[in-house]
Structures are given as C-alpha cells and as structure tokens.
Amino acid sequence: MTSELENKKIADLLLPNIIKKTGDYISKYPPRNLPEDAKVTRFGPSPTGFLHIGGIYTALISERIAHQSDGVFFLRIEDTDKTREVSNGTAQIINALKEFGLSTDEGPQSESICLNSGKYGPYKQSERVDIYLTFAKHLLEKGLAYPCFCTKDELETLRKEQESNKIRPGYYGKWARHRDAGLKEIEDNLKNNIPFVIRLKSDGVEENSFVFSDLAKGKINVTENNNDIVLIKADSYPTYHFAHVVDDFLMGVTHVIRGDEWLSSLPIHLQIFKFLGIKAPFYAHISPILKLENGSKRKLSKRKDPESSVDFYFEKGYPVDSIIEYLLNIANSGFEDWRRGNPYFSNMEFPVKLEKISKSGALFDLNKLDNISKEVISKMTAEEVFEKTLTWATSHNKNFANILTENRDFCLQIFSIERNDKKPRKDFASWSEIEESISYFFDSKFEQVKVNSNLFPEHLTDTDIQEIVDSYSNVYQEENNRDDWFEKIKTLSESLGYASNIKDFKTSPDSYKGHVGDVAMVLRVMVTGKTQTPDLYEIMNVLGKERVLKRLKF
Ligand code: GLU
C-alpha cells in the first residue's frame, strides 16, 4: 500500500463520520468582500465566568482597528475547554461588550446583542467541531498528523524521564512513540477502544530560528516548533492552537490581536498554517497590563488583584468612557495629548495604532483612572450625572437609588454646582462615591454627622466661632448674588478683626485674629460638615435659607 493510501485509510478509520472536505468549508465561507485596507479582527474569549480587564483591553484595540478601517469586528466564543466553562459565561461576555460599547458586527446567533449574526458562523467553537475534524482529517490524509494513544501515565513517565535526563520536555523526535505507527498498530488500538488524540507531525528543527514581524512587538526572533502538539483532544474538541488557526482562516480574520502570552506558541500556529497550505494573518501580540508590587512589575493577577476583573469597575461605578479612555491611554501614549487637543470629540475618533502599543507592558494605575474619570464626568451635564448615577444605584445601592428618585430636582441642583463653569468641578471619579460626597445636603444625613470641632481653624476659640456664626446669620440674605455674598463675608471679617485679604494678614499677622479664609472656613464647616467642598456660595443657594440658618447654630 502506498503511504498516501495508508494515510487515507488511517484518516477514515479514525474519523469515519467526517465526510466533508476542507474545500466544502472553504467554498461555504468565501473571502469577505471588503475594501482593500479593511481589517477583520475578533475577540475570542473563553466563557469561564471571569472577564479580565486585559480581555476588554485587547477587545477594545481589536474593535477600533477593525472599525477605524471600515472592517469587521466579531465575537467568537472559545468554549472548547468544557471543564472551565460556566453556564452564564457567554451571556456575561456579551453583556460586558455591550456595557463597554464595543459593538460586534457578528457573533453567536443565539444572543440578541449581535444585530448581525454573520455568515461566517457558528460563532461558538463548540458548534464548529465537525469543521476542525474535517481539517484534522485532511492533515491525517496528507501524513501531516497522526493519532497518539499514549495514556496520561505514559506521558507522565515520559516527562519524568526527560526531566531526569535534563532533556527539554515534550512529545517530539524519538520521544514521540506513536509518530510512525503503521495502519495495523492503529487498527489494533482502535479495536481495543484505546482513546486517542490527533497530533501534528512536526517538521520543525529546534535549532532553527527565523525572524517574524509582529505588528505590536516589531521584528522578533522565533524558534521553530518541533513538538508534535495535540490538534484534537480525546474528547474530539480541538486545542486552542488548532481551532484558532482553522477559524481565523475560514472567518477571514486579517489581524489577530491577542495577549502576548501566546507569543511562545506562535511557531506552532505558523506551522499549522503552513501545513494547511494557507496564509497566516498578521499578528499583534499585546503586552499585558502590569502592576507594581514591592518595586517590581508583575501581571495583574486574577487571584490577587480585584481590579483585574471587569466586575470591579462595574461595582465601583466607573463610567464606561472613563475605563475606555484609560485603556486607550495605556494602549497609545499619544491619547492624552489628543484628548487635550480635542476635549469634546468622542474617543471613537482617536486613531489607535498597533505599532505604537507599549512593547513592554503598561503599568496599571488606579489614580490615573480616577483622574481620567473625573475629567470625563466633568464634561457631563447634571442630567447625565443624575441618570447614570441612578442607573448604577438601581443595581448596586437600592437605598441611594430611592433617595435619588425621591429628590430628583434637588439632586439635579446639587449636580449643577460648578458644572456649567469654564472650569467645571472635577470631584467625582465614580458613581459609588457620590452618595457619601453629597450626603451633607440631606438633613437626615447631616444631622447624624455632627459637626466635628477639630475641623475649624485651630487658632479660633469657641467664642470666635460663635461670633462669626451669629454675625453672619444676621447679615445672610439668600437673594445675594455671588459678588454681594463674598463682599458680605469680607466686610464681616473686617468688622470682627479678621484681615479681608490674605496679603494684609501675611504682612502683619499680629494685627488680626485671622483672615477671611478662616471666616469662610467656619461657615463651610458649619453648613457642610466638611473642610473641602465645591463653591460654598452655590452650596448655600442649593440648601436654601431655612437649612442654612438652621445649620448656623453653634
Ligand atoms: N481563547 C483565547 C484566550 O482566552 C483567545 C486568544 C486569542 O485571541 O487568540 O486567551
């Protein structure tokens, strides 16, 4: 029997139910009809129930690269590892994409979020098993793959032997026991119902290396793969290596954008493309988001860092745009300058460039996220702040949601403070901070707090404070405009022996009890219970005469 015939027989014996040919799928999924420079990218998460912020980071880059080139961005659920799958994992991924505004052009048909289910589906790998088996059968027929009947124990023994001989572990060369098994041996194993995997018959040479141009990392040196890696597992599901190659080819992906943990297996992937006789897409391997710990950098860890999960951001109530802008800032350092130059553009218009992505990995910095978020919220109208806070509170803080709904107009006035100014207030970074930060506006909360006398300027006595509070109560008029309001505090300061400007106070401190800032601080603390607040004049206006006078009782 020629080896070609024998290979065909082996392929039929192993996969008797696979009758389609690779050509059938190639014609079922013809090349996409897109403009020449259009890029096709995908997000391929596994539905494990944990969505890492790094996943959203690569999804964001993939989405922008596709849509900024008039291309296609789709979602493919990589659910071939059934042991790691959780039941609502797919829905969670879809919701997160929706939440982050990362719109997919194609995706799993069953999920309503994908407006266009797409012609390149199914978009769940578990529904594409026959496709992988067809391509695996093709490799078997060509003698480029073979069945391996090694048990777990046998593989473990092999690994130990390699380890004790200080040899690189793996299934390759003389260690690959089943690599050259003939038809008879395979037939016997099948008759005995011994489970098998299908392995790649690697032609790689460990000593050979070549240069690869990665769109994010630049030129890198990679070593050929000589491991006979598994393509199809014993449960008939493909490995990631094989599935993504087959899928990215049939689904017309032009740019694979993924985490750089996959860089080490790139030689395997390029080899599979070569064996299948198809052109590999472009690859961009993205460095992970790093964290500084005890002076050294490490990856954000699912186990140790709550901020590695997207749920962390939803729970804290960061506006989606804040997270997106923060991630864009990590992706391309030019984002900040762009934002400064275009303060009111949608972040969608920022052109993401793969070649500008940090090669070594960017440090994650929650303070930076807060600053970006304060900026983002400062540009929102009071109505937007109200609606978004309410949406967040409805699912995360029911009590606060009720307070907001019952006091809508009052809250809108609170959120309007310093909002329409040239330099709007930048005090909120997330919706979860708002309840505490505006609590003093509500009498029930304010009364609980009890003004802390340590907050008053240290050098003032109780008598001084009493005097300021009483005198101010006598002259306070709700209808005063900002200038009159301030003039009044200055005049009052002078009449009580405080300098009406700080310069005078600095020139001769002994001539005064303090300065106008001290007087204003006493009023601020009395009215709000805090030393730092937005504009006191506006706060008093929102509180109204009755509340202000009630609070000015020392
Ligand atoms: N399922 C893979 C992962 O979750 C996808 C990697 C890729 O994008 O190719 O890491």
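Let me sum up the structure you'll find in this document. Keep in mind the model is a prediction, meaning the values are calculated, not measured.

**Let's talk about the overall build of the protein**
Working step 1: Within the protein, the regular secondary structure consists of 23 helices and 13 strands.
Working step 2: Relative to its length of 554 residues, the protein is extended, with a C-alpha radius of gyration of 33 Å against a globular reference of 24 Å.
Working step 3: Counting only C-alpha atoms and orienting by the principal axes, one finds that the protein spans roughly 115 × 50 × 40 Å.
Working step 4: Taken across its 554 residues, the protein has 51% of its residues classed as buried.
Working step 5: Within the protein, counting contacts between residues at least 6 apart in sequence, those at least 24 apart form 72% of the total.
Working step 6: As displayed, the protein has an accessible area near 27500 Å², and 50% of this comes from carbon and sulfur atoms.

**Observations regarding the nonpolar core**
Working step 1: Among the nonpolar cores identified, the biggest contains 101 residues, and Ile61, Leu327, Phe415 and Phe441 are the most heavily contacted of them.
Working step 2: It is helix α3 (residues 53-67) that provides the largest number of residues to this core, a total of eight residues.
Working step 3: The contact partners of Leu327, leaving out residues within four places of it in the chain, are Ile53, Ile56, Tyr57, Leu60 and Ile289.
Working step 4: Formed by 53 residues, the second largest nonpolar core is a distinct cluster that contains Ile18, Ala181, Ile220 and Phe242.

**Here's the deal with the packing of helix α19 (residues 462-475) against helix α22 (residues 516-528)**
Working step 1: Their axes nearest at 10 Å, the elements α19 and α22 cross at an angle of 80°. With respect to each other, α19 and α22 are oriented roughly perpendicular. Of the residues in α22, those in contact with Ile465, Ile468, Val469 and Tyr472 of α19 are Val519, Val522, Leu523 and Met526.
Working step 2: Its residues assigned to classes, the contact of α19 with α22 shows eight nonpolar, no polar and no charged.

**A look at the pairing of strand β4 (residues 197-200)**
Working step 1: Going residue by residue along β4, you find Val197 and Arg199 tucked away on one face and Ile198 and Leu200 tucked away on the opposite face as well.
Working step 2: Across four bridges, strand β3 (residues 145-148) lies against β4 in antiparallel orientation. Across the sheet, the residue bridging to Cys148 is Val197, located in β4.
Working step 3: Here β4 runs beside strand β7 (residues 230-232); their pairing, made up of two bridges, is antiparallel. Looking at the pairing, Ile198 lines up with Ile232 of β7.

**Section: the site of the ligand**
Working step 1: Neighbouring the ligand are Arg42, Gly44, Ser46, Glu78, Tyr240, Arg258 and Trp262.
Working step 2: Within the side chain of Arg42, one N or O atom sits 2.7 Å away from an oxygen atom of the ligand.
Working step 3: Within the side chain of Ser46, one N or O atom sits 3.5 Å away from a nitrogen atom of the ligand.
Working step 4: The fraction of the free accessible surface of the ligand (300 Å²) that becomes covered by protein chains is 78%.
Working step 5: In terms of residue class, the shell around the ligand is built from two nonpolar, two polar and three charged.

**Some thoughts on the packing of α19 against helix α20 (residues 482-496)**
Working step 1: One can describe the packing of α19 onto α20 by two numbers: an axis separation of 11 Å at closest approach and a directional angle of 135°. Taken together, the axis directions place α19 and α20 in an arrangement best described as oblique. Note that α19 runs across α20; the crossing there is right-handed. Between α19, through Glu467, Ile468, Ser471, Tyr472 and Val475, and α20, the contact on the second element is made entirely by Trp485, Lys488, Ile489, Leu492 and Leu496.
Working step 2: Of the residues in the contact of α19 with α20, the class split is seven nonpolar, one polar and two charged.

**A short note on helix α1 (residues 3-14)**
Working step 1: For α1, with 12 residues, the first-to-last C-alpha span of 16 Å sits near the 16 Å given by 1.5 Å per residue.
Working step 2: Of the residues making up α1, those classed as buried are Asn7, Ile10, Ala11 and Leu14. Projection of α1 onto a plane perpendicular to its axis shows the buried side chains occupying an angular sector of 100°, all on one side.
Working step 3: Here the buried face of α1 lies against α5 (129-141), β3 and α7 (183-191).

**Digging into the state of the cysteines**
Working step 1: Under the counting rule described, the total for this entry stands at zero disulfides.
Working step 2: As a non-bridged cysteine, Cys148 has Cys150 as the owner of its nearest cysteine sulfur, 3.9 Å distant.

**Side note on the pattern of salt bridges**
Working step 1: This model, assessed by the stated rule, comprises 42 salt bridges.
Working step 2: Among the salt bridges present, the one from Glu307 reaches Lys291, with a minimum N-O distance of 2.6 Å. One end of the pair, Glu307, is in the loop between β11 (296-299) and α10 (310-316); the other, Lys291, is in strand β10 (residues 290-293), and 16 residues separate them in sequence.
Working step 3: Here the salt bridges do not stand alone but share partners, grouping Arg42, Arg76, Glu78, Arg128, Asp247 and Asp248 into one network.

**Things to note about the sheet that holds β7**
Working step 1: Read across the open sheet, the three strands follow the order β3-β4-β7; overall the sheet is antiparallel. Looking at the sheet topology across the chains shown, the edges are occupied by β3 and β7. Averaged over all neighbouring strand pairs, the angle between strand axes comes to 45°, with direction disregarded.

**Regarding the packing of aromatic side chains**
Here a ring pair, both rings aromatic, is described through the centre-centre distance and the interplanar angle of the planes.
Working step 1: A complete count under the given rule lists 23 aromatic pairs for this structure.
Working step 2: Between Phe410 and Phe441 the ring centres are 6.2 Å apart and the planes differ by 80°, which places this aromatic pair in the edge-to-face class. Placement of Phe410 in helix α16 (residues 408-416) and of Phe441 in the loop between α17 (434-437) and α18 (443-449) is noted, with a sequence separation of 31 residues between them. One exposure class covers both Phe410 and Phe441, and it is buried.
Working step 3: Taken together, the ring pairs in this structure connect Phe312, Tyr313, Tyr318, Tyr326 and Phe364 into an aromatic cluster.
Working step 4: Here the basic side chain of Arg32 rests over the ring of Tyr120, its NZ or CZ set 4.0 Å away from the ring centre.

**Topic: the pairing of strand β5 (residues 209-214)**
Working step 1: Bridging between β5 and strand β6 (residues 218-223) involves six bridges; their strand directions are antiparallel. Paired with Ser213 across the two strands is Lys219, which belongs to β6.
Working step 2: Taken together, β5 and the strand that follows it, β6, pair antiparallel across an intervening segment of three residues.

**Structural notes on the side chain of His269**
Working step 1: Here His269 is to be found in helix α9 (residues 266-275).
Working step 2: With a relative accessible area of 0%, His269 lands in the buried category.

**Focus on unusual backbone geometry**
Working step 1: The omega torsion of the bond from Gly121 to Pro122 falls at 0°, within 30 degrees of zero and hence cis.
Working step 2: Take Pro122: it is sitting in the loop between α4 (89-99) and α5.
Working step 3: Notably, Ser236 is not glycine yet its phi reads approximately 75°, a positive angle.
Working step 4: Classification of Ser236 by relative accessible area gives partly exposed; the value is 32%.
Working step 5: Backbone geometry at Asn294 places phi at a positive 50°, although glycine is not the residue there.

Quick notes on the rules
- Residues numbered from 1 in each chain as written.
- Predicted model: local features only at pLDDT ≥ 70, side-chain atom pairs only at ≥ 80, totals over all residues.
- Heavy atoms only, no water.
- Helix = DSSP H or I, 4+ residues; strand = E, 2+ residues; numbered from the N terminus.
- Rg over C-alpha atoms; globule rule 2.2 N^0.38 Å.
- Buried < 20%, exposed > 50% of the residue type's maximum accessible area, 1.4 Å probe, protein only.
- Contact = heavy atoms within 4.5 Å.
- Areas by Shrake-Rupley, 256 points an atom, 1.4 Å probe, with all protein chains shown as cover.
- Core = buried A, V, L, I, M, F, W, Y, C linked by side-chain atoms within 4.5 Å.
- Axes fitted to C-alpha atoms, helices over the stretch in contact; angles between N-to-C directions.
- Parallel < 35°, antiparallel > 145°, perpendicular 65-115°, else oblique.
- Nonpolar A, V, L, I, M, F, W, Y, C, P; charged D, E, K, R; others polar.
- Pairing = 2+ DSSP bridges.
- Near = heavy atom within 4 Å.
- Polar contact = N/O pair within 3.5 Å; in protein donor to acceptor, adjacent residues only side chain to side chain.
- Left-handed = near helix turned anticlockwise from the far one by under 90°.
- Expected span 1.5 Å × (residues − 1).
- Arc of directions from axis to C-beta.
- Disulfide = S-S within 2.5 Å.
- Salt bridge = Lys/Arg side-chain N within 4 Å of Asp/Glu carboxyl O.
- Phe/Tyr/Trp six-rings, centres within 6.5 Å; stacked < 30°, edge-to-face > 60°.
- Lys NZ or Arg CZ within 6 Å of the ring centre and 35° of its normal.

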